[in-house]
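Now for the letters of each chain:
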Amino acid sequence: MIRLNANTWETVSGLTALAGLTALALWLMLRKRPTADELELARRQFLVQSGRLVDAMLLDVYDVDAQGLKKNDPVRTLTMLLYHYRIGGVDYECSQDITQLQTVVDPAQVRAGFPCTVRYQPGNPQNSIVVAEGWSGLRIGLPVLPAYEDPDPLDLSHLRPGRGES
């Protein structure tokens, strides 16, 4: 049987740790990082699954010219949805980029001043959305209340059954 001394064990464990750190560094450098669009999609899916609902008001729909992070990136136009809501006495005014959601919502049909529903993260209320792929908090129009038919003011038969019949 071969016995290794302490110096050999230290060398082997040091080389093993160095190989592990090298593998970790290579994995961190070569892994595929999610794009900004993939991160936004994951955020919307998270809020659809676990977000709470609150009533809000649409303030505006507007376009913004945005430059990419790199100098050579082209300028692109983002369609933003601006909305306002209140949670626990605190007012929040947020916006959502709906450029990627053109198949779900038509910006020309969105009306400022209309009520909507917002999904927000309970521990982080400023993290909120109005529209996602499988959910929309936009309303088609203002609610229509049913017409109230006023009974004949002299006819009290509906208040006292059995009376008022002749």
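### Concerning the pattern of salt bridges
- Under the definition given, this model contains six salt bridges.
- For Glu38, the salt bridge identified is with Lys32, shortest N-O distance 3.5 Å.
- Residue Lys32 is classed as exposed on the basis of its relative accessible area of 64%.
- Between Glu133 and Arg44 there is a salt bridge; the shortest N-O distance is 2.5 Å. With a gap of 89 residues between them, Glu133 in the segment after strand S5 (124-129) and Arg44 in helix H2 (residues 36-50) connect regions that are remote in the sequence.
- Accessibility expressed as a relative area gives 40% for Glu133, which makes it partly exposed.
- Arg44 sits in the buried class, given a relative accessible area of 4%.

### Some remarks on the environment of Pro125
- Mapped onto the elements of the fold, Pro125 is located in strand S5.
- Residue class for Pro125 comes out buried when judged on its relative accessible area of 15%.
- Spatially, the C-alpha atom of Pro125 lies 9.5 Å from that of Gly51, the residues being 74 residues apart in sequence.
- Excluding residues that lie within four positions of it along the chain, Pro125 makes contacts with Tyr85, Ile87, Tyr92 and Tyr120.

### Some words on the pairing of strand S3 (residues 90-97)
- The pairing of strand S2 (residues 76-87) with S3 spans eight bridges and is antiparallel. Bridged to Tyr85 within S3 is Tyr92.
- Linking S2 back to S3 in an antiparallel pair, the connection comprises two residues, with Gly88 at a positive phi of about 60°.

Parameters and conventions
- Residues numbered from 1 in each chain as written.
- Predicted model: local features only at pLDDT ≥ 70, side-chain atom pairs only at ≥ 80, totals over all residues.
- Heavy atoms only, no water.
- Salt bridge = Lys/Arg side-chain N within 4 Å of Asp/Glu carboxyl O.
- Buried < 20%, exposed > 50% of the residue type's maximum accessible area, 1.4 Å probe, protein only.
- Helix = DSSP H or I, 4+ residues; strand = E, 2+ residues; numbered from the N terminus.
- Contact = heavy atoms within 4.5 Å.
- Pairing = 2+ DSSP bridges.

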